[in-house]
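Residues per chain are reported as follows:
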Amino acid sequence: MPHRLSSALWFCAPFIVLIVLWAVFIPYFDVNPRLFPHLSSVVQAGIEGIQDGTLVQHISASLLRVAVGTVLALLVAIPLGVAMGVSPFVSNFLTPLFRFFSVLAGIAWIPIATLWFGYGFGAITFVIFNAVFFIVTYNTLLGVSTIPIHVRNAAASLGAGRWAMLTEVLLPGALPNIVTGIRTGLGFAWRGLIAAEMIATNVGLGYMLFVARDFYRTEVIVLGMIVIGVLWLLLDRLVLAPIERATIERWGMVRRA
Amino acid sequence: MKDLTIRNLSKTYFDPYAGTNVTAVHDVSLKVEQGEFVCIVGPSGCGKTTILNMIAGFIPHTGGEILVGGRPVKGPGADRGVVFQSFALFPWRTVLENVAFGPKMRGVRKVEREKIAHEYLALVKLTEAAGRYPAELSGGMQQRVGVVRALANEPDVLLMDEPFASVDAQTRMTLQEELTRIWQEKRPTVIFITHDVAEAVFLGNRVIALSKGRVLEEISVDLPRPRSWDALNDDARFKELSGRVLQLVRSA
Ligand SMILES: Nc1ncnc2c1ncn2[C@@H]1O[C@H](COP(=O)(O)OP(=O)(O)O)[C@@H](O)[C@H]1O
Ligand SMILES: [Mg+2]
């Protein structure tokens, strides 16, 4: 526990230095607040946003879109990835396709998404869905196809039927890859979300940033950037990374994604 | 436990690179009685794994038949337990859960199957390791788990493909002695595959010498049990039998 505390402190240290520099130098050089805000005005904007509920509203709109898009993507991606991974032919055939879309996924989908779904929840959720779907499908497929054939044979000769093979071997065997896929996919999704919200909606963190720009409210812009970064770090460090570590390290499995 | 009959078994692979057929197993016939320990020995590439994989049902055979207790083999099944050279443990399951896996597939209740698993782990002195994950164990310990995982499912036939080939020499000798002890206690029907002549003679009631996919000769091993390396290292009969098998395998 003391070790984790000190590593958490070390993680925060550069941010603390940055904040101190900010608090000292922006007033010292008398920077125009239309170019960059004072620390105090950002704190003020944060407090106001919490008090009048707008900040919470933007955050929850963004998180809801990510949650819905991600859950939908996982519901389709994992079964599909498993189905593709069990057949070497199918997985070899489709791997290049999924690799291509994994890289493409995210922001590049915004124009077509707004054409298909109009501006709003549908288009943004679609962008999130794509960012997560292709990477998780690809990683699931990769995870399943790299389970050693001996391990599958061992399960079969211990009496595992189709269902047990799926739940006892294929899914746990692919889990480290699936988790890595979710982590990478959510990283893309989060970036895509902010971009999409700047274009395609009237609520959410991306929208909050973009509108603030029109009024030269740099303190709201910087507040939004901080919230976006902090939310991602919390999600990644406190939820995704520990799950990934637990599966990969505990099981002594090589990282394969 | 049941007997195993193999009649005129053969296997032809298609080699996609050369575009030709390769016959890895020619017309092999073999009968293994219930409770017998049979070793198949031969140089690498002579078709040992192919034979074992066909018996296990992992790959189809292209000729002949395989009967376990009189019933033809169609695909893998719990009646034939397999121990792999690469251990093939489930990395996401603890040692205890690995050993309890077979009973779980049979629908044995959790309390009951964990009791079974504990009994088998005690047999190989791994009680302490029950809660650990395979990656936390040495190779020798992992293969002990591999052996009792197969045994805990009480298969009719236990199939072992060079199970001790990837552990160090000292550990291998210990594992071989443990296996003969367990075999005497539980009396499973065993087919044990190896390229190591001394190992085959040490373990088996019968050694079958294989070369280029054909059975060369069968040799009965009449050494007394329990067997230990201390006793057999300088045993004249052991040396004589090993010498004969070695000669067979090398001359082919
Ligand atoms: N899947 C396969 N496709 C084509 N040839 C194979 C395949 N598996 C094995 N063989 C060939 O069959 C022969 C016997 O192999 P194997 O049974 O693995 O031998 P051993 O276990 O005795 O070393 C070898 O010549 C090998 O190249
Ligand atoms: Mg082999």
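Residues numbered from 1 in each chain as written. Chains lettered and ligands numbered in written order. Predicted model: local features only at pLDDT ≥ 70, side-chain atom pairs only at ≥ 80, totals over all residues. Heavy atoms only, no water.

**Q** Which residues make up the site of ligand 1, and what values do they have?
**A** All names here are of chain B. Near ligand 1 you find Tyr13, Ala24, Pro43, Ser44, Gly45, Cys46, Gly47, Lys48, Thr49 and Thr50, and these make up its full shell. Separating an oxygen atom of ligand 1 from a backbone N or O atom of cysteine 46 is a distance of 3.2 Å. Taken by itself ligand 1 offers 560 Å² of open surface, and the protein chains cover 60% of this. Of all the elements, helix α1 (residues 48-56) adds the most residues to the shell around ligand 1, at three residues. Partitioning the shell around ligand 1 into residue classes produces four nonpolar, five polar and one charged. (Near = heavy atom within 4 Å. Polar contact = N/O pair within 3.5 Å; in protein donor to acceptor, adjacent residues only side chain to side chain. Areas by Shrake-Rupley, 256 points an atom, 1.4 Å probe, with all protein chains shown as cover. Helix = DSSP H or I, 4+ residues; strand = E, 2+ residues; numbered from the N terminus. Nonpolar A, V, L, I, M, F, W, Y, C, P; charged D, E, K, R; others polar.)

**Q** Residue-level account of the pattern of salt bridges, with values.
**A** Residue and element names in this part refer to chain A. Under the definition given, this model contains 21 salt bridges over all chains. Close ionic contact of arginine 183 with glutamate 244 constitutes a salt bridge, the shortest N to O distance being 2.6 Å. Pair noted here: arginine 183 is in helix α8 (residues 162-200) and glutamate 244 is in helix α10 (residues 218-250), with a separation of 61 residues, a long-range link. Both residues of the pair, arginine 183 and glutamate 244, count as buried. Among the ionic pairs, glutamate 219 bridges to arginine 217, the shortest N-O distance being 3.2 Å. Residue arginine 217 is classed as partly exposed on the basis of its relative accessible area of 35%. (Salt bridge = Lys/Arg side-chain N within 4 Å of Asp/Glu carboxyl O. Buried < 20%, exposed > 50% of the residue type's maximum accessible area, 1.4 Å probe, protein only.)

**Q** Talk me through the sheet that holds strand β6 (residues 80-83) of chain B; I want residue IDs and the actual numbers.
**A** All names here are of chain B. One open sheet accounts for six strands, arranged β6-β7-β8-β3-β9-β10; its pairing is mixed. Edge positions in the sheet fall to β6 and β10 (214-220), since each of these pairs with one other strand and no more. Within the sheet, the average angular offset between the axes of one strand and its neighbour, ignoring direction, is 20°. On the sheet, helix α5 (residues 139-151) packs against β6 and β7 (157-161) and is oriented at approximately 180° with respect to β6. (Pairing = 2+ DSSP bridges. Axes fitted to C-alpha atoms, helices over the stretch in contact; angles between N-to-C directions. Contact = heavy atoms within 4.5 Å.)

**Q** Quick one: what's the story with the confidence of the model for chain B, residue by residue and with numbers?
**A** Here chain B averages 95 in pLDDT, and 100% of its residues register 70 or above. Confidence estimates for the predicted assembly give a pTM of 0.86 and an ipTM of 0.93. (pLDDT = per-residue confidence, 0-100.)

**Q** Mind laying out the domain arrangement of chain B, listing which residues take part and the relevant values?
**A** Residue and element names in this part refer to chain B. In terms of domains, chain B is made up of domain 1 (33-59 + 71-79 + 156-252) and domain 2 (89-154). A C-alpha centroid distance of 24 Å is found between domain 1 and domain 2. Counting residues at the interface gives 17 residues for domain 1 and 13 residues for domain 2. Between domain 1 and domain 2, roughly 1,100 Å² of surface is buried when both sides are summed, and carbon and sulfur atoms account for 66% of that area. Counting every contact that joins domain 1 to domain 2 gives one salt bridge. Across the pair arginine 144 and glutamate 178 runs a salt bridge whose closest N-O atoms are separated by 3.1 Å. The tally of links from domain 1 across to domain 2 stands at three residue pairs in polar contact (both at pLDDT 80 or more). Counting only elements with at least two residues in the side of domain 1 that touches domain 2, the list comes to β7 and α6 (169-186). Residues that form the side of domain 1 that touches domain 2 fall into these classes: ten nonpolar, two polar and five charged. (Domains from an automatic or database assignment. Buried area = accessible area lost by both parts, 1.4 Å probe.)

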